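Read off the chains here:
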Amino acid sequence: MIKVDLTGCKSFFEASGPDFAAAASAHRVLSEKTGQGADFTGWLELPRLIKRTELKGIIAAANKIRSRSKALVVVGIGGSYLGARGAIELLRPIQRADSPHVYFVGNGLSGDYINGIIEQLGDDDFDVNVISKSGTTLEPALSFRVFRALLEKKYGSNAKRHIFATTDANRGVLHDMAVAEGWERFVIPDDVGGRYSVLSAVGLLPMAVAGIDVAAIIDHAIEFFQAMDLRSPENPAWQYAAARQHLYSRGYGIELLACYEPSFRFMAEWWKQLYGESEGKNGIGIFPASLEYTADLHSMGQYVQDGPRNMFETVVSFSEPLTKYSVPFRMGDPDKLNYLAGRDFSDVCSVAREAVKAAHISGGVPNIVVSAPRRDEYGFTELVCFFELACGISGYMSGVNPFNQPGVEAYKKNMFKMLGKPE
């Protein structure tokens, strides 16, 4: 089970410490659906809903894709792709021979990137999973037009069998196209925002195609949400939410999410959207940033150690490694590393992690540690559920609606106007 260690930031707290009572109150508002944006808290029940509705269909569709294609092209942006990409890169960082390669497009406007994906596909059989609640977001809509045309060129009238649409249940451009063309459809629930949708078909279908056990993920998510409904300061979601809000009140306005696993990179990208879009409004909010340790210690370490004292760290660690690899012994010790011979890389990394923590704390950077189980389906599930729950609690503690994103539309209006989109 997820654990939160606050010992690395206690010296930065005021005497009263974090307000766990406020976190408990915010959790109550969230669970009882009495706060702002309550209409978008369906993610709390999403694992149960998916298990009794679409899960079997998602797994069946994934098996169909795995049996006939060498690639799946996922078209989406923001919450429509970050969770799935984070899961796949965390749990399947090395492509397995028996699984299709999963490509992600629609998250930008680079023609070079599109051409690169097309070149990698070559003549391989592939399917497309287009993900959008409305179907009108420009980046994925343009990419889908491109890859739909490629499917039609390759498969002719059978192209529609290779398109899977994850969209609104009843309305929208993509929904209407899917119904008209007969594409297989999955639902983005009305009461679940994109950044909270990873445990719906949005994330589960690409994950299942990559060979991830999505049934186990859903079962564990149900168990985890039940376990987190605790009325005690030991609830890790309360600890994390209360600590970060307390630090924010003391002038620490930047949160650095760090992890010592390179495969965590896109989980950090998912986390940045989750917290940035949920809390950054009304002129307030902790700025979410991420670093990859130990690599970024050699590029950003100086800034973290000696830069402005307005940031705190949240370090994600896994309780045990998936594999072992020991430092080899070398005759003559030419590189002077035999003092580490026989020690496992995970052990060396643990020492590095503690050394970094001590250095940063002494340099004035508060440190929160979030410990997850192994880097597997269970660890992934706990991280997703934990961060989602803590985000809702933290948002309510700060006084904002954590489930809307009014500022996102500003650039879209300007862009469509400049592109000459008809009214």
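Summary of the structure given here. (Residues numbered from 1 in each chain as written. Predicted model: local features only at pLDDT ≥ 70, side-chain atom pairs only at ≥ 80, totals over all residues. Heavy atoms only, no water.)

**Examining the overall build of the chain**
Rule in force here: The way it works is that DSSP assigns letters per residue, a run of H or I at least four long becomes a helix, a run of E at least two long becomes a strand, and they are numbered from the N terminus. Only C-alpha atoms enter the radius of gyration; for comparison, a globular chain is expected to reach 2.2 Å times N to the power 0.38, where N is the number of residues. Burial classification: accessible surface area is computed with a 1.4 Å probe over protein chains only, and a residue below 20% of its type maximum counts as buried, one above 50% as exposed, and the rest as partly exposed. Any pair of residues with heavy atoms lying within 4.5 Å of one another is described as a contacting pair. In this description, accessible areas are obtained by the Shrake-Rupley approach with a 1.4 Å probe, and a residue is regarded as covered only by the protein chains that are shown. Positive charges come from Lys and Arg, negative ones from Asp and Glu, while His and the chain ends are left out of the count. The location of each charge is read from NZ of Lys, CZ of Arg, CG of Asp or CD of Glu.
Scanning the chain from N- to C-terminus turns up 15 helices and 10 strands. A compact globule built from 423 residues should have a C-alpha radius of gyration of about 22 Å, and the chain, at 23 Å, falls within 12% of that. C-alpha atoms of the chain, sized along the principal axes, occupy 65 × 65 × 45 Å. Residues counted as buried form 51% of the 423 residues belonging to the chain. For the chain, the share of sequence-separated contacts (at least 6 apart) that also reach a separation of at least 24 residues comes to 80%. For the chain, the exposed area adds up to about 19,200 Å²; of that, 53% sits on carbon and sulfur atoms. The chain carries 44 positive and 49 negative side-chain charges, and their two centres are separated by 3 Å.

**A word on the packing of aromatic side chains**
Which entries qualify depends on this criterion: Each Phe, Tyr or Trp ring, with Trp reduced to its six-membered ring, pairs with another whose centre is within 6.5 Å; inter-plane angles below 30 degrees give stacked pairs, above 60 give edge-to-face pairs, and intermediate values give tilted ones. Charge-over-ring placement is defined geometrically: NZ (Lys) or CZ (Arg) within 6 Å of the ring centre, and within 35 degrees of the ring normal.
Tallied over the entire structure, the rule returns 16 aromatic pairs. Judged by centre distance (5.5 Å) and plane angle (65°), the ring pair of Tyr260 and Tyr293 falls under edge-to-face. Of this pair, Tyr260 sits in the loop between β7 (254-259) and α11 (265-279) while Tyr293 is found in the loop between β8 (287-292) and α12 (301-306), placing the two residues 33 residues apart along the sequence. Across this residue pair, the class does not change: Tyr260 and Tyr293 are buried. Taken together, the ring pairs in this structure connect Trp43, Tyr196, Phe225, Tyr396 and Phe403 into an aromatic cluster. A cation sits over an aromatic face here: Arg85 above Phe266, 4.0 Å from the ring centre. Across from the ring centre of Tyr260, 5.8 Å away, lies the NZ or CZ of Arg353, which sits over that ring.

**Some points on the packing of α11 against helix α14 (residues 377-398)**
Formally: Every axis in this analysis is a line fitted to C-alpha atoms, fitted for helices over the stretch in contact. Angles between the N-to-C directions lie between 0 and 180 degrees. Under this scheme an angle from 65 to 115 degrees is roughly perpendicular, one under 35 degrees roughly parallel, and one over 145 degrees roughly antiparallel; angles in between are oblique. Handedness of each helix crossing follows the sense of rotation of the near helix against the far helix: counterclockwise by less than a right angle gives left-handed, clockwise gives right-handed. Each residue gets one label: Ala, Val, Leu, Ile, Met, Phe, Trp, Tyr, Cys and Pro are nonpolar, Asp, Glu, Lys and Arg are charged, and the others, such as Gly, are polar.
Where α11 contacts α14, the axes come no closer than 10 Å and their chain directions differ by 15°. Here α14 runs roughly parallel to α11, going by the angle between their axes. When the axes of α11 and α14 are compared, the crossing they make is right-handed. Across the interface between the two elements, Met267, Trp270, Trp271, Leu274, Tyr275, Ser278 and Glu279 from α11 touch Phe380, Val384, Phe387, Glu388, Ala390, Cys391, Ser394 and Gly395 from α14. Looking at the contact of α11 with α14, its residues break down into 10 nonpolar, three polar and two charged.

**Regarding the sheet that holds strand β9 (residues 311-318)**
Remark on secondary structure: sheet strands pair via backbone hydrogen bonds, oriented parallel or antiparallel. What counts is decided by this rule: Between any two strands, pairing holds if DSSP finds at least two bridges.
Spatially, five strands are ordered β1-β10-β9-β7-β8 in an open sheet, and the strand pairing comes out mixed. Only two strands of the sheet have a single neighbouring strand rather than two, namely β1 (3-5) and β8. Neighbour-to-neighbour, the strand axes of the sheet open up by a mean angle of 20°, direction not taken into account. As judged from the three bridges shared by β1 and strand β10 (residues 367-372), these two strands associate in the antiparallel manner. Note that in β10 the partner of Val4 across the bridge is Val370.

**Details of helix α8 (residues 201-209)**
Within α8, nine of the nine residues are buried, which leaves it mostly tucked inside the rest of the structure. Buried residues of α8: Ala201, Val202, Gly203, Leu204, Leu205, Pro206, Met207, Ala208 and Val209, and no others. Gly211 occupies a position one or two residues after α8 and carries a positive phi of about 95°.

**Side note on the pattern of salt bridges**
Once their charged atoms are close, side chains differing in charge can pair, the charge on each being opposite to the other. Just so we agree on the cut-off: Just to be clear on terms, a salt bridge is a Lys or Arg side-chain nitrogen sitting within 4 Å of an Asp or Glu carboxyl oxygen.
Enumeration according to the criterion identifies 20 salt bridges in this entry. In this structure, the salt-bridge partner of Asp376 is Arg374, at a minimum N-O distance of 3.8 Å. Judged by relative accessible area, Asp376 falls into the buried class, the value being 18%. Connected through salt bridges with shared partners, the residues Arg148, Glu152 and Glu181 form a single ionic network.

**Overview of helix α7 (residues 173-181)**
Put simply, the rule is: To obtain the arc, one takes the directions from the helix axis to the C-beta atoms.
Taken together, the buried positions of α7 are occupied by Leu174, His175 and Ala178. Buried residues of α7, viewed axially, fall in a sector of 105°; they line one side. Buried-residue contacts for α7 involve β4 (126-131), α6 (138-155), β5 (163-167) and β6 (184-187). Phi turns positive one or two residues past the end of α7, at Gly182, with a value near 80°.

**Quick notes on the environment of Glu354**
Here Glu354 lies in helix α13 (residues 345-362). Classification of Glu354 by relative accessible area gives partly exposed; the value is 48%. Along the backbone, Glu354 and Tyr275 are 79 residues apart, and their C-alpha atoms lie at a distance of 26 Å.

**Structural notes on unusual backbone geometry**
A negative phi holds for most residues other than glycine; trans holds for most peptide bonds. Geometrically, the link from Tyr293 to Thr294 is a cis peptide bond, its omega value of 10° lying close to zero. Relative to the elements of secondary structure, Thr294 occurs in the loop between β8 and α12. You will see that Lys33, though not glycine, has its phi angle at about 60°, which is positive. Along the chain, the position of Lys33 falls in the loop between α1 (20-32) and α2 (46-52). One non-glycine residue, Lys336, lies in positive phi territory at about 60°.

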